[in-house]
Amino acid sequence: MRHPVAVLLVAFWAAVTFLGFPQAAPAADPYDPKLIAAAKKEGEVVHYTSISREVANEVVKGFTKRFGIPVKLVRKGTNQVIQMVEAEWQSNIRMVDAVSFSEPAMLFKWRDEGKLLPYQPAWEDKFEPRFRDSKRVLVPLFPLMILFGYNKSVVPADQGPKAWADLADPRWKGMLGHSDPSYSGSTAMTVMVLKDKFGWDYYKKLAANKPLMTQSIGAIPKMMSTKEAPIAAVAMSFYLTAQVNQGQPFEIVYPKEGVIIFVHYAVIPKTSPHPNPAKLFLDYYTSVENQEFMTKMPEAFYAARTDVKPPAGNPPLSQLQFLSIDYDKFEKEKDEVISTFKKIMAGK
């Protein structure tokens, strides 16, 4: 049975509109003074995340400045974060307080296994309804968009690929960059969605184009800028947007078959040694002040809240086509998807 949140997201992307946001800036969120006091008494937050270190550091900096509570940040790929958390549980170690990564399927699994602390910020009614967790455990931080792009100094804008299927064209041989699905959860989800749409033949054709492989999806823009791999076969929109905002000649492509969208959630393990600072940290992450700040970062994140405007200059989500993710299916097929992808890329 599919998770209710996943079902709602699938329906949402077919019809949602982000028009009608209030024009006036929303009022600041009222933090709970009792929670602040309890958080300061516990003293710190240990946060494991898969989001880029640059972005995570900015959020941590804002939180520490706001409350004076230090954050020990550990940034790894999604699958490494999962392995670290599960290793702590198996060893009965209590270290991590807040966890966020780009693979909702595993977070749903942990939730349903009773491993997570139920918690939602006081302003959960401000979250986009289709992002909310009906069991009030997963806290939505921001939606993420997977698409592709290319360096226009190598590939002229009027000659570049415009669809996922175009990336399999032999003329792009030796020009593609692709991240590792065994390291990057978002890449693994993308591989499943595209192999379901086109079949494994798509990846066999992609493999024939000899893509340059890298671990993290966040490393793709650097490969594009150095022209080692001027075409990103898979990319997070915010990574490309950040580079464009810094002057890189990148074309961000919204594939005609659809972009892939999912939500980056955060959770608090029941084993958290500092649950109150963790709660306050998630309050800050989803507050108006931080959500608005994130829409104005070079990465231009979309907010998880309906009372925060979309980032300036980005296309409204209501104007885009979307390819949905079946999280239950992904959880069951993940290992097979990763192993098959690796075999194909290795020419086996």
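Small disclaimer: the values here were computed from a predicted structure and weren't measured.

With that settled, the discussion passes to the layout of surface pockets. The calculated volume of the largest pocket comes to roughly 260 Å³. Lining the largest pocket are 14 residues, with Glu54, Tyr239, Ala242, Gln243 and Glu299 positioned closest to its centre. Mapped by element, the contributors of at least two residues to the lining of the largest pocket are helix H3 (53-67), helix H8 (220-225) and helix H9 (237-245). Top element by residues in the lining of the largest pocket is H9. It accounts for four residues. In terms of residue class, the lining of the largest pocket is built from seven nonpolar, four polar and three charged.

To characterise two packed helices, one gives the angle between the axes of the helices and the distance between these axes. With their axes 11 Å apart at the nearest point, H3 and helix H11 (residues 288-295) run at an angle of 150° to one another. Looking at the two axes, H3 sits roughly antiparallel to H11. Considering only the axes of H3 and H11, their crossing is right-handed. Across from Val55, Glu58, Val59 and Arg66 in H3, the residues of H11 making contact are Glu289, Asn290, Phe293 and Met294. Its residues assigned to classes, the contact of H3 with H11 comprises four nonpolar, one polar and three charged.

Attention now goes to the nonpolar core. Formed by 94 residues in total, the largest nonpolar core has its most connected members in Phe63, Trp110, Trp164, Leu167, Leu280, Phe281 and Phe301. Excluding residues that lie within four positions of it along the chain, Phe301 makes contacts with Ile51, Val55, Phe142, Leu144, Phe238, Met294, Thr295 and Pro311. Judged by nonpolar contacts, the second largest core, of 17 residues, contains Ile220, Ala235, Phe250 and Ile252.

With that settled, the discussion passes to helix H12 (residues 327-345). For H12, the principal kink sits at Glu333 and spans about 60°. If you check which residues of H12 are buried, you get Tyr327, Asp328, Phe330, Glu333, Lys334, Val337, Ile338, Phe341 and Ile344. By the N-cap criterion, in which a side-chain oxygen at the helix start approaches the backbone nitrogen of a residue two or three places on, H12 is capped by Asp326, the distance to Asp328 being 3.2 Å. With its phi angle positive at about 80°, Gly347 sits one or two positions after the end of H12.

A few words on the packing of aromatic side chains. Considering all chains together, one arrives at 19 aromatic pairs under this definition. Here Phe108 and Tyr327 contribute two aromatic rings whose centre-to-centre distance is 5.6 Å and whose plane-to-plane angle is 55°, an arrangement assigned as tilted. With Phe108 in helix H5 (residues 104-112) and Tyr327 in helix H12, this pair connects stretches of sequence that are 219 residues apart. Look at Phe108 and you get buried, because its relative accessible area is 0%. The exposure class assigned to Tyr327 is buried, which follows from its relative accessible area of 2%. Of the aromatic side chains, those joined through ring pairs into one cluster are Tyr31, Phe63, Phe67, Trp123, Phe142, Phe238, Tyr239, Phe281, Tyr284, Tyr285 and Phe301. Over the ring of Phe198 we find Lys197, and its NZ or CZ is 5.9 Å from the ring centre.

A word on the pairing of strand E5 (residues 176-179). Alternating residues of E5 divide into Leu176 and His178 and Gly177 and Ser179, and every residue in both groups is buried. Two elements, E5 and strand E7 (residues 231-236), share two bridges in a ladder whose sense is parallel. Across the sheet, residue Leu176 finds its bridge partner in E7, namely Ile231. Here E5 pairs with strand E6 (residues 212-214) via three bridges, running parallel. What sits directly across from His178, in E6, is Met213.

Quick look at unusual backbone geometry now. Here Asn92, not a glycine, exhibits a phi torsion of approximately 55°, which is positive. Note on placement: Asn92 falls in the loop between helix H4 (78-90) and strand E3 (98-101). Despite not being glycine, Lys210 has its phi angle at roughly 50°, a positive value. For Lys210, the location among the structural elements is in the loop between helix H7 (200-208) and E6. Taking the relative accessible area as the measure of exposure, Lys210 reaches 57% and is therefore exposed.

Our next topic: empty space enclosed by the protein. By the definition in use, this model includes four cavities of 30 Å³ or more. Its boundaries defined by the atoms lining it, the largest cavity holds a volume of some 120 Å³. Mapped onto the lining of the largest cavity, the elements with two or more residues apiece are helix H6 (185-198) and H9. Approximately 70 Å³ is the volume attributed to the second largest cavity. Lining the second largest cavity are Pro143, Leu144, Met145, Ser237, Phe238, Ile261, Ala300, Phe301, Tyr302 and Leu317.

For the rest of this paragraph, the subject is the environment of Thr295. The residue Thr295 is located in helix H11 in this model. Sequence-wise, Thr295 and Lys309 are 14 residues apart; in three dimensions their C-alpha atoms are separated by 7.9 Å. Aside from chain neighbours lying at most four places away, what touches Thr295 is Ala300, Phe301, Ala303, Val308, Lys309 and Pro311.

The rules we used
Residues numbered from 1 in each chain as written. Predicted model: local features only at pLDDT ≥ 70, side-chain atom pairs only at ≥ 80, totals over all residues. Heavy atoms only, no water. 1 Å grid on protein atoms, 1.4 Å probe; cavity = no way out; pocket = protein on both sides within 12 Å on 5 of 7 lines; lining within 4 Å. Points joined across faces, edges and corners; volume = space filled by probe spheres on them. Helix = DSSP H or I, 4+ residues; strand = E, 2+ residues; numbered from the N terminus. Nonpolar A, V, L, I, M, F, W, Y, C, P; charged D, E, K, R; others polar. Axes fitted to C-alpha atoms, helices over the stretch in contact; angles between N-to-C directions. Parallel < 35°, antiparallel > 145°, perpendicular 65-115°, else oblique. Left-handed = near helix turned anticlockwise from the far one by under 90°. Contact = heavy atoms within 4.5 Å. Core = buried A, V, L, I, M, F, W, Y, C linked by side-chain atoms within 4.5 Å. Buried < 20%, exposed > 50% of the residue type's maximum accessible area, 1.4 Å probe, protein only. Bend = angle between axes of the 7 residues up to and from the residue. Polar contact = N/O pair within 3.5 Å; in protein donor to acceptor, adjacent residues only side chain to side chain. Phe/Tyr/Trp six-rings, centres within 6.5 Å; stacked < 30°, edge-to-face > 60°. Lys NZ or Arg CZ within 6 Å of the ring centre and 35° of its normal. Pairing = 2+ DSSP bridges.

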